[in-house]
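# Examining the three-dimensional arrangement
Residues per chain, in single letters:
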Amino acid sequence: MVGHRGGGALAPENTLAGIRKAAAMGFGGVEFDVVLSADKVPVLMHDETLERTTDGRGAVSATPYARFASLDAGAWFGREYRGERVPSFELAGKLCVELGLWANVEIKPAKGFERETGAVAAKLAAEIWRGASPAPLLSSFQRTALEAARAAAPELDRGFLTDRIEPNWREAAQALGCVSVHCNCKYLTPAQAKEIRGAGYWLLCYTANDPETVRRLFSWGVDAIFTDRLDLIPPDLS
Ligand code: G3P
Ligand code: MG
C-alpha cells in the first residue's frame, strides 16, 4: 500500500510530517505531487492555488520559493501540525531516501509549465536518488511532462497516469517508455487489469480506502494501491 499525498488522510497532505507518518504507519511507499514555484523550485503541492492546504493565497506558480517558508501547511489539518511547511521536492525526496521509503513522484505542472516541470523534477530526482534504493517512479497525467522527464533523466522509471483506461493506453504508455500504468480504481475493470498486467506493465491504482476494495483490486492483479486510510487496512493487506 502506498500513502496517497504522503500520509493520506492521517496527516496534512504533501508534507514531511505526512511522509514521516506513512513510514511510521508501515506504508510501503508514498505518492506526492510536485509543482514549480514562481522561481522554478519544485515543491510539494496538489492544488494550483494555496488556499485549501495553506494559510496563503494565490497561485502556486506565482509564489516565489522563499514565500513558502512563511506559509503554514499543517494548521488546516490539526493544531498539532501547526508550523508544518510546504516542503521542497529536494527535502521530501531526501527524507524518503533517509527513511528507505519508496516514492512515486507525481509531476503535477501548472498549465503551461508541463515541459519545464517535467524536466526540472526529473533532473532533481536523478540527483536526489543517485545510487539510492529503492529508486523513485515518476508519473504524470501530462504526457508532455513525462516526455520532458524522459529526456532529462532517461534512467528513471516513468508511469503513465490516467483517470480512466482508454483504448489507446498501450500506445501512449509505450511511446513514453513507461514501466507502469496508474489509474483511478473507480473505473478499472478486471479485464483491463488483466490486459495491463499481461502486457508487462506494473499496475497502480488510486485511491482505495476500504479493505473490501483493496482485496478486490489485489485479486485482479493490481500491484500497488494508493490509500488515504492505511489505518483501515488490515496488516495482511498492507
Ligand atoms: O498519482 C495518483 C493520484 O495522486 C492522482 O490523483 O489528484 O490525488 O493527484 P491526485
Ligand atoms: Mg497525486
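Here the structure is shown first, and the text comes after it.
One structure accompanies this document, and this report is about it. (Residues numbered from 1 in each chain as written. Chains lettered and ligands numbered in written order. Predicted model: local features only at pLDDT ≥ 70, side-chain atom pairs only at ≥ 80, totals over all residues. Heavy atoms only, no water.)

## Section: the site of ligand 1
Taken together, His4, Arg5, Glu31, Asp33, His46, Glu106, Lys108, Phe141, Leu161 and Tyr206 make up the full set of residues near ligand 1. Between an oxygen atom of ligand 1 and a side-chain N or O atom of Arg5, the distance comes to 2.9 Å. Measuring from an oxygen atom of ligand 1, one finds a side-chain N or O atom of Asp33 at 3.2 Å. Starting from 290 Å² of accessible surface for ligand 1 in isolation, the protein chains cover 91%. Split by residue class, the shell around ligand 1 holds 3 nonpolar, 2 polar and 5 charged. (Near = heavy atom within 4 Å. Polar contact = N/O pair within 3.5 Å; in protein donor to acceptor, adjacent residues only side chain to side chain. Areas by Shrake-Rupley, 256 points an atom, 1.4 Å probe, with all protein chains shown as cover. Nonpolar A, V, L, I, M, F, W, Y, C, P; charged D, E, K, R; others polar.)

## Notes on helix 3 (residues 89-99)
Residues three or four positions apart in an α-helix share a direction because the helix packs 3.6 residues into each turn. Those residues of helix 3 not exposed but buried are Phe89, Ala92, Gly93, Leu95 and Cys96. Along the axis of helix 3, the buried positions cluster into a sector of 155°, meaning they face one direction only. Tucked into the core, helix 3 has its buried residues touching helix 1 (16-24), strand 2 (29-36), strand 3 (42-44), strand 4 (102-107) and helix 4 (114-128). Directly after helix 3, the chain includes Gly100, whose backbone phi takes a positive value near 70°. (Buried < 20%, exposed > 50% of the residue type's maximum accessible area, 1.4 Å probe, protein only. Helix = DSSP H or I, 4+ residues; strand = E, 2+ residues; numbered from the N terminus. Arc of directions from axis to C-beta. Contact = heavy atoms within 4.5 Å.)

## Some details on unusual backbone geometry
Residue Pro134 is reached from Ser133 by a cis peptide bond, and omega for that bond is 0°. Note that Pro134 resides in the loop between helix 4 and strand 5 (137-140). A cis amide bond links Tyr206 to the next residue, Thr207, at an omega of -25°. Looking at where Thr207 falls in the secondary structure, it is placed in the loop between strand 8 (202-206) and helix 8 (211-219). Within the chain, Asn14 stands out as a residue other than glycine whose phi angle is a positive 50°. With respect to the element layout, Asn14 can be found in the loop between strand 1 (2-3) and helix 1.

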